[in-house]
Amino acid sequence: MRKFWGFVAAIIMVTVAFPAPAQATMTKRSVGSHSIPNVWLGDTEIPQAIQWPVEVDQEALQRALENEALNAVVEAATNNTATAQTAEVKKFVPWAERPVVYWRETGLCLNSYVGQFRIPRLGVDQQVYWDFNQSTTDHPSKMNIWGYSGLPGEPGLAVDLYDHNYQTGRIVAQCLVGECVYLDTTWGSYTYRYTGSEIAQNDPSTLYHTGSPWVSSRVGEDPRAGYIGDFCSSRFPQGHVASTTLDGANNGELYFITCYPLNQKVTTQRLVMRFDCVDGPVLVY
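Residues numbered from 1 in each chain as written. Predicted model: local features only at pLDDT ≥ 70, side-chain atom pairs only at ≥ 80, totals over all residues. Heavy atoms only, no water.

K.L.:
Before we go on, may I ask you to explain the overall build of the protein chain in this structure?
P.N.:
Secondary structure assignment for the protein chain yields 8 helices and 12 strands. Looking at the 285 residues of the protein chain, the share that counts as buried comes to 59%. Long-range contacts, defined as pairs at least 24 residues apart, comprise 72% of the intrachain contacts of the protein chain with a sequence gap of at least 6. Approximately 11900 Å² of the protein chain is accessible, and the part contributed by carbon and sulfur atoms is 53%. (Helix = DSSP H or I, 4+ residues; strand = E, 2+ residues; numbered from the N terminus. Buried < 20%, exposed > 50% of the residue type's maximum accessible area, 1.4 Å probe, protein only. Contact = heavy atoms within 4.5 Å. Areas by Shrake-Rupley, 256 points an atom, 1.4 Å probe, with all protein chains shown as cover.)

Rendered as structure tokens:
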């Protein structure tokens, strides 16, 4: 069983029943999320046994968090409902009309490089990996798609992309509704359009399961064991990860997730930004 400490997003909730495992034991990767500040900052409320052994540039973190001018700009942008006037206009391409890429042709596997996440207007250009590694998100030029997540091009699932609020989190938060962002993967390029955001609250103690057993089994995990903790919102009251991995209940969206408020070191909330998939190949097996 994986211990996971927070998550959120948008669509109709469906409850899926899973058989209880004969022995629900904790896996060696006990904390699934790399985007949780009370883990990387060593919050004393988190048991020492499940803290990540990572190094954080504390001076750089402190400088970023103390930049009140930037905080004010980003907080205003986060609450901004204006439409991006200069955003590139992209027409939604139906999934049935998109090219198909087969998984076996991509060389994709857990812990592999996925591609580059770009927001031209904001100067964002970050490497993206698919893994459970805290060190990926701690790296200043990297983001990661959490292991329990859909991948770009899977129309029935949604992609969960993470970074710290003191790195690109506060920059991505400046996106305007309608603005396009890009994920150039090793198997094709995807265009996403920002449609809005919400704030989610951690639920650190409940047992959850990925919506589709395939999402767990493809990373070598027992889907019956589940994971502890998710983050919930009014749109996803039954857990973000549990909902965005429910095959068929999503439409290939990308959710960018970072700690919130954007200028706080330790927080139990997450800013969850939704980007609809406008174009990009279908990934099939």
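What follows picks up the thread again.
K.L.:
Would you mind showing me how to read the packing of aromatic side chains here?
P.N.:
How two aromatic rings sit relative to each other is set out by the distance from centre to centre and by the angle between their planes. Throughout the structure, instances matching the rule amount to 14 aromatic pairs. Measuring from centroid to centroid gives 5.0 Å for W146 and Y148, while their planes differ by 80 degrees, and the two rings are edge-to-face. Judged by relative accessible area, Y148 falls into the buried class, the value being 2%. Taken together, the aromatic side chains of F132, W146, Y148, Y208 and Y227 make up a single cluster linked through ring pairs. Sitting above the plane of the W95 ring, R98 keeps its charged end 3.8 Å from the centroid. The positively charged end of R104 is found above the aromatic ring belonging to Y102, 4.8 Å away from the centroid. (Phe/Tyr/Trp six-rings, centres within 6.5 Å; stacked < 30°, edge-to-face > 60°. Lys NZ or Arg CZ within 6 Å of the ring centre and 35° of its normal.)

K.L.:
Honestly, the pattern of salt bridges in this entry has me stumped. Any pointers?
P.N.:
A side chain of one charge can pair with a side chain of the opposite charge when the charged atoms of the two come close. Tallied over the entire structure, the rule returns 6 salt bridges. One salt bridge in this structure joins R121 and E179, with 2.7 Å as the shortest N-O distance. Of the two residues, R121 sits in the loop between β3 (112–119) and β4 (124–131) while E179 sits in the loop between α6 (165–172) and β7 (180–185), which places them 58 residues apart along the sequence. The class of E179 is buried, set by a relative accessible area of 4%. (Salt bridge = Lys/Arg side-chain N within 4 Å of Asp/Glu carboxyl O.)

K.L.:
It is not clear to me how the environment of L151 should be interpreted in this structure. Could you clarify?
P.N.:
Along the polypeptide, L151 turns up in the loop between β5 (142–146) and β6 (159–162). Taking the C-alpha atoms as reference points, L151 and L283, 132 residues apart in sequence, are found 8.2 Å from one another. Once residues within four sequence positions are removed from consideration, L151 is found in contact with W103, L108, W130, I145, V159, R218 and L283.

By themselves, these observations are geometric and do not establish any function.
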